[in-house]
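# Notes for the structure review
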Amino acid sequence: MTTLVPTTWWRGLGSLTRSGSAAEGLAWALYDFANTIFSFAIVSFAMSLWAIRFLGEANGQFWFTVAVSASVLVNAIVSPVLGAMSDRAGRRKGFLLVFTLLAIVPTTLIGLVDIGLGLLFFALANFAYQAALIYYDALLPDVARPETRGRLSGIGVALGYLGTIVSGLLLRLTFEDGETTALSFLLVGSLFALFAAPLFVVVQERRTPGIPFQLLDALRSWSQLRSTLAHARESPGLLRFLVGRFFYTDPVNTAIAIMSAFATQAIGFTSSEALSVLLLLTVVAVLASFGWGLMVDRWGPKRTLLLVLGVWALGLLLLGLSLERIPFYVGGALLGAGLGGVAVTDRLLLLRLAPPDRVGEMFGLYGLVGKFSAVIGPVLYGVIVLVLLQPLGKLAYQAAILSLLGLLLVGFLIVRRVPEGLNR
């Protein structure tokens, strides 16, 4: 009797894959677990505090946000080319391995070099982490059967949230006097390598005949963007939605990057306390995602998205008006709840607005908008703190948060005028 449940679960996982191998499905999904360890432990928590430790409160946050924005900007510029290279070569795993190693190795070295080189290594690792996702996502059709891709992708997302919690718990073991150490970066890089490795050993990709990649192909990949924009204009409300998405995802991406620095420098938490708060907000995001999903089915994605943005606006307003712990807990909980809501709702609204025969093309544009939106917010926040911290003290943090609220409200007003779209 005791073996029935795990055996049934294992067989169920195998039924999702083309090969019937549960190990292949788990190996693919574990990569989500691995890269989320990096995104949470390094991007959302450790790196900003490491920069502050060596460069000071204002300069540390400024140069951290510059590193984040620069890495995302470069990735946004080259991602169409990277995707085209993969398509022309007819394979994914080789590219995925290169960018995975390019994320892991610099991460392990951040704590062993001076802070200037450490920030450069961080930017390189974050760029590579983002680039690797192109090839990881593209491997899903090779692993899952067409009718089970959603379920296997969902397992990957669930493991990603689990990776956030596990990385937060393990990161504490590397603290010294409650602060991040060089061992923290070594641990994260090692965990990334450990849990990413099964994909490269177990997953079999379906290779297609490759064609040598040429410079002309890179130019074509960018010229395609012009025609994609033209196609977006043909669908009522689609281009307006994408413009709105640029504005409302900017503060979302920024908040993810700066929240640990905000919690320690503006509110006064210790690093250990800030880590606990971020983990709690992750749990809130997971639980709220189910509620937002039910609401989308009842209200539709546009109305639900507007409510999500309203929740985010209230959370940012609370953080911007008060730097006390209780308002931070409430505002942070609202942001955590809204974080799951953005992920659930806006992709569904895109599906309603996009023509059925151009869904893939529009999702490519949707992703590109999200990457470019992650460039402005972090630098804006960092510049405001850098310029205003000395004359205004902690009020600089309130001004920086309220600037994000302004961007969010612009996005809200634009999305208000987007039609509901067709219920496909």
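Let us look at the structure shown here. Position numbers for residues count from 1 along each chain, tracking the sequence in the order it is written. Only residues with pLDDT of at least 70 are given local features in this predicted model, and only at 80 or more are side-chain atom pairs given and counted; all residues enter the totals for whole chains, interfaces and linings. Excluding hydrogens and water, the side-chain values take into account all heavy atoms of the structure.

### Things to note about the overall build of the protein chain
Only runs of H or I of at least four residues qualify as helices and only runs of E of at least two qualify as strands under DSSP, and these elements are numbered from the N terminus. Assigned secondary structure in the protein chain consists of 14 helices and zero strands. Walking the protein chain from its N terminus toward its C terminus, one meets helices and strands in the order α-α-α-α-α-α-α-α-α-α-α-α-α-α. Exposed residues in this analysis have more than 50% of their type's maximum accessible area, buried residues have under 20%, and partly exposed residues fall in between, with area computed by a 1.4 Å probe over protein chains only. The proportion of buried residues among the 424 residues of the protein chain is 52%. Two residues form a contact once any of their heavy atoms are found within 4.5 Å. In the protein chain, of all internal contacts separated by at least 6 residues, the share reaching a separation of at least 24 is 82%. In these tables, accessible area is a Shrake-Rupley quantity obtained with a 1.4 Å probe, and a residue counts as shielded only by the protein chains included in the view. In the structure as shown, the protein chain presents an accessible area of about 18300 Å², 68% of it carried by carbon and sulfur atoms.

### Examining the side chain of asparagine 35
As for its placement among the helices and strands, asparagine 35 is situated in helix α2 (residues 22-55). Contacts of asparagine 35, omitting those with residues within four sequence positions, involve Tyr129, Leu133 and Phe192.

### Comments concerning the environment of methionine 47
Relative to the assigned elements, methionine 47 resides in helix α2. Assessed through its relative accessible area of 0%, methionine 47 is described here as buried. Sequence separation between methionine 47 and valine 68 is 21 residues, and the spatial gap between their C-alpha atoms is 10.0 Å. If we ignore the near neighbours within four places in the chain, the residues touching methionine 47 are Ile42, Phe64, Ile110, Ile115, Gly118, Leu119, Phe122 and Phe185.

### Side note on the packing of helix α9 (residues 238-267) against helix α14 (residues 395-416)
Helix axes are fitted only over the stretch in contact, all axes being lines through C-alpha atoms; the angle between N-to-C directions runs from 0 to 180 degrees. Two elements in contact, α9 and α14, have axes separated by 8 Å at closest approach and are oriented at 160°. Between α9 and α14, the interaxial angle falls into the category roughly antiparallel. In the crossing of α9 with α14, the sense of the turn from one axis to the other is left-handed. Contact with α9, carried on its side by Arg240, Val243, Gly244, Phe247, Tyr248, Asp250, Pro251, Thr254, Ile258, Phe262, Gln265 and Ala266, involves Tyr397, Ile401, Leu404, Leu407, Leu408, Val410, Gly411, Ile414 and Val415 of α14 and no other residues of that element. The residue classification treats Ala, Val, Leu, Ile, Met, Phe, Trp, Tyr, Cys and Pro as nonpolar and Asp, Glu, Lys and Arg as charged. All others, Gly included, are polar. A per-class count over the contact of α9 with α14 returns 15 nonpolar, four polar and two charged. For classification purposes, an angle smaller than 35 degrees is called roughly parallel, one larger than 145 roughly antiparallel, one from 65 to 115 roughly perpendicular, and anything else oblique. Handedness of each helix crossing follows the sense of rotation of the near helix against the far helix: counterclockwise by less than a right angle gives left-handed, clockwise gives right-handed.

### Thoughts on the environment of leucine 49
Structurally, leucine 49 can be placed in helix α2. Leucine 49 gets classed as buried once you look at its relative accessible area, which sits at 9%. Between the alpha carbons of leucine 49 and threonine 180 there is a distance of 7.7 Å; along the sequence they are 131 residues apart. Excluding residues within four positions of it along the chain, leucine 49 makes contact with Ser260, Ala261, Thr264 and Ser271.

### Considerations on the nonpolar core
Counting 121 residues, the largest nonpolar core has Trp28, Met47, Phe241 and Phe262 as the members making the most contacts within it. Element by element, the count of residues in this core is highest for α2, at 21 residues. The nonpolar core is taken to be a set of buried Ala, Val, Leu, Ile, Met, Phe, Trp, Tyr and Cys residues, with the residues joined through side-chain atoms within 4.5 Å.

### Considerations on a nonpolar patch on the surface
A surface patch of nonpolar side chains, amounting to about 430 Å² of accessible area, comprises Leu97, Leu101, Val105, Leu109 and Leu112. Mapping leucine 101 onto the fold places it in helix α4 (residues 93-109). Excluding any residue in a salt bridge, patches collect residues exceeding 30% relative accessible area, merging like charges within 9 Å and nonpolar Val, Leu, Ile, Met, Phe, Trp and Tyr side chains within 5 Å. Here, a salt bridge means any side-chain nitrogen of Lys or Arg that lies within 4 Å of a carboxyl oxygen of Asp or Glu.

### A look at helix α5 (residues 115-143)
Along its 29 residues, α5 runs 40 Å from first to last C-alpha, staying within 8% of the 42 Å computed at 1.5 Å per residue. As used in this structure description, the phrase polar contact means that two N or O atoms lie within 3.5 Å; if the pair is within protein, one of them must be able to donate a hydrogen and the other to accept it, and residues adjacent in sequence are counted only when both atoms belong to side chains. For α5, the N-terminal capping position is held by aspartate 114, with its side-chain oxygen 3.0 Å away from the main-chain nitrogen of glycine 116. A helix is expected to span 1.5 Å multiplied by its residue count minus one.

### Quick look at the pattern of salt bridges
According to the stated counting rule, one finds three salt bridges in the structure shown. Here glutamate 57 and lysine 394 are joined by a salt bridge, their closest N and O atoms 3.3 Å apart. With a gap of 337 residues between them, glutamate 57 in helix α3 (residues 57-89) and lysine 394 in the loop between α13 (359-392) and α14 connect regions that are remote in the sequence. A relative accessible area of 23% means that glutamate 57 is categorised as partly exposed. Two residues, arginine 325 and glutamate 273, come together in a salt bridge whose shortest N-O distance is 3.4 Å. Placement of arginine 325 in helix α12 (residues 325-353) and of glutamate 273 in helix α10 (residues 271-299) is noted, with a sequence separation of 52 residues between them. Given a relative accessible area of 32%, glutamate 273 falls into the partly exposed group.

By themselves these figures say nothing about function.
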